[in-house]
Amino acid sequence: MAQYAQALLDDVRNAVDIVDLVGRFVNLRKAGVNWKGLCPFHGEKTPSFMVNPKKGIFHCFGCGVGGDVFGFLMRQDRLSFPEAVRSLAKTAGIALPEEGARSGDSGREELIRIVDLAWRFYDDTLWRPAGDRARAYLEQRGIDADVAKRFGLGYAPEGWDGLLTFMRSQKVTDDALVTAGLAVQRENRSGVYDRFRGRLLFPIRDLQGRVVAFGGRGFGDEQPKYLNSPETPLYTKGNLLYAADIARPTIQTKNRALLVEGYVDCLMAHQHGFTETVAALGTSFTAAQLALLRRYCDEVVTFFDADAAGQKAAERAEELLEPTSGGMAWAVNRSGSFEGGGTFRVKVALLPAGHDPDTFLRESGAPAFAERIGAARSLLAYALDRAVVDPDGATGARARTTAFARVAVMLAKVADAQEAAALSREAAAKLGVDATQLWIEAQRLQSSLRTPPARPQTAPAPSSTPPVERDLVTLLLRSVEARAGLLAILDETDDLGHPPLRAIVAALKRRPDAPAESLMTDLETDEARSVLSSLLVEDRESLDVQVSIEQFQRRLERSQRLRRAREVSQTIAETQAKTGVAAPMHTELRTLHEESAVVYGITGGVAQSLEHGTPGSPRSSDE
Ligand SMILES: [Zn+2]
């Protein structure tokens, strides 16, 4: 990792506010000196992801992942270390030395640069005479120019090589354009051509606001009406939400997101003041998208046309309740407590038949739209309505019995007990059955349906570190005096049994003056970084540094004498075996025996090593 000077890395790390950086991806709430939220790296219901702003460190006590701002961005954006450094340095306005070959890069950074260049070209074209047609279309759709600008809309000119020509002038290769999804390889002959031609373009950004893909809308009979970027190393369908970067602040303040289908629906909602709106970039939202929103808010409202609502809601609910698709019950419900708790609710707002948010807003205005949102019902309630009714229209006792079974199965899949209880009361009233009976049946089914939750990929739990070694390293990380008093007598290979702790001490010895968090970039393994981050975010009682140093000094000396004694005994035994002589003693042997005896005298012959001790602070009673 030592590609950049340590001082430069420290400058970047100190310049980046980790709460701000992580907060772009996770809703963080203050908890003591730390901030906490739901881990973006594994699925969880209760937050175990901690961020320490003072040290610039994050650590997840659920999956064990931890590190500094560089580590966070590498993991979140799948960047190489140099890419993460460059990205953060750029944000912080810190100049990096020019470099030559960038081997080991994922290539994502270069792709981002290319897509950004393309976006500038398209954006520029829209507001020039060449973009007349696209601007006329915007006007016809009622999209204000300032909204179009806020969303960075662009225009891909007619013709086969508008973008190509521009990009070649910028020294971007045709191959790179194909990889970025902006150009298409000709069939059966060489050469490439522009993917987007004569279309209004909606740039799709990631959570950091960087353009990673485009959606293109034709104006007339062009087929298809919508043409999107293909999947590229930057863009995976179903993982992003359109406008999430723009909507995030409002989603967090309102604790609610509005989820629409189309780009224009989204723009129109923002134009009417509903700036918490995002679009699904497809006809239906995915579990990954809901998981993303869930990090920021407790409620999502989606919109269905009244005609299709029952059908669509039932389909969505089925998908979300499907336990096989990655334990989907959690996607609908957030059980457990998140500082006061709360359920993640997916609601449906009904629009009149034939309407989508765009047409409805233009026809009826913002207050009517807000009213529809206010009247939104739980997605599950719609699914329940369908479960209650017989699909063949049958009535009578038999139909009621099967409806009862269908409803019970559905209720059994609802993870949140409160919501399930409310739904079962509603269903019981509709079915004309006893609510308790329905509830009991659902509970019975639930215990048989419930599959154990998948265990997250766990790094070795930091708690598995030997407590005394852990205390010692914590002390060294926190106190300069401890480093001065202990590092010289500490032999990490012999005194420490835990490899990550050894690595941390080795790093400390190389840079004894470094702030603890700065060591993050010295460590080679994820495991070591995870242990270091866990030690740094831990909110522990401050030890009496001076007393601790003395205790550890004695402990270290003793354990080192012990090892020496063992070595001495072993040498004696080996010598005896070799010479076959037990007596009379050779002078050297006698010396060794005496030395050994001295050592055993000190330790009392009791085998003790550094690993023995009670968790927490070093014992004082054994001195
Ligand atoms: Zn985690």
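Residues numbered from 1 in each chain as written. Predicted model: local features only at pLDDT ≥ 70, side-chain atom pairs only at ≥ 80, totals over all residues. Heavy atoms only, no water.

A. Geometry of helix 6 (residues 132-140). Those residues of helix 6 that fall on the buried side of the exposure criterion are A134, Y137 and L138. The buried residues of helix 6 occupy one face: seen down the axis, they fall within an arc of 100 degrees. Along helix 6, the residues that are exposed and aim more than 90 degrees away from the buried face are E139 and Q140. Among the residues trailing helix 6, G142 stands out with phi positive, at a value near 80 degrees. (Buried < 20%, exposed > 50% of the residue type's maximum accessible area, 1.4 Å probe, protein only. Helix = DSSP H or I, 4+ residues; strand = E, 2+ residues; numbered from the N terminus. Arc of directions from axis to C-beta.)

B. Just the packing of aromatic side chains, in detail. Evaluation of the coordinates by the stated rule reveals 23 aromatic pairs. With 6.1 Å between their ring centres and 70 degrees between their planes, F196 and F214 make a pair best called edge-to-face. One end of the pair, F196, is in the loop between strand 8 (192-194) and strand 9 (199-205); the other, F214, is in strand 10 (residues 211-217), and 18 residues separate them in sequence. Owing to a relative accessible area of 1%, F214 belongs among the buried residues under this scheme. Against the face of F41 rests R75, its NZ or CZ located 5.9 Å from the ring centre. When the ring centre of Y382 is taken as origin, the NZ or CZ atom of R377, which lies over that ring, is 4.9 Å away. (Phe/Tyr/Trp six-rings, centres within 6.5 Å; stacked < 30°, edge-to-face > 60°. Lys NZ or Arg CZ within 6 Å of the ring centre and 35° of its normal.)

C. Seen up close, the pairing of strand 4 (residues 57-60). Residues of strand 4 alternate between two faces, with I57 and H59 on one and F58 and C60 on the opposite face, all of them buried. Sheet topology note: the strand 3 (residues 49-52)/strand 4 ladder contains four bridges and is antiparallel. Counted as the bridge partner of M50 is H59 from strand 4. Strand direction decides the pairing type here: strand 4 and strand 5 (residues 66-68), joined by three bridges, are antiparallel. By the bridge assignment for strand 5, I57 is matched with D68. Counted between consecutive antiparallel strands, the loop separating strand 4 from strand 5 contains five residues, among which G64 sits at a positive phi close to 85 degrees. (Pairing = 2+ DSSP bridges.)

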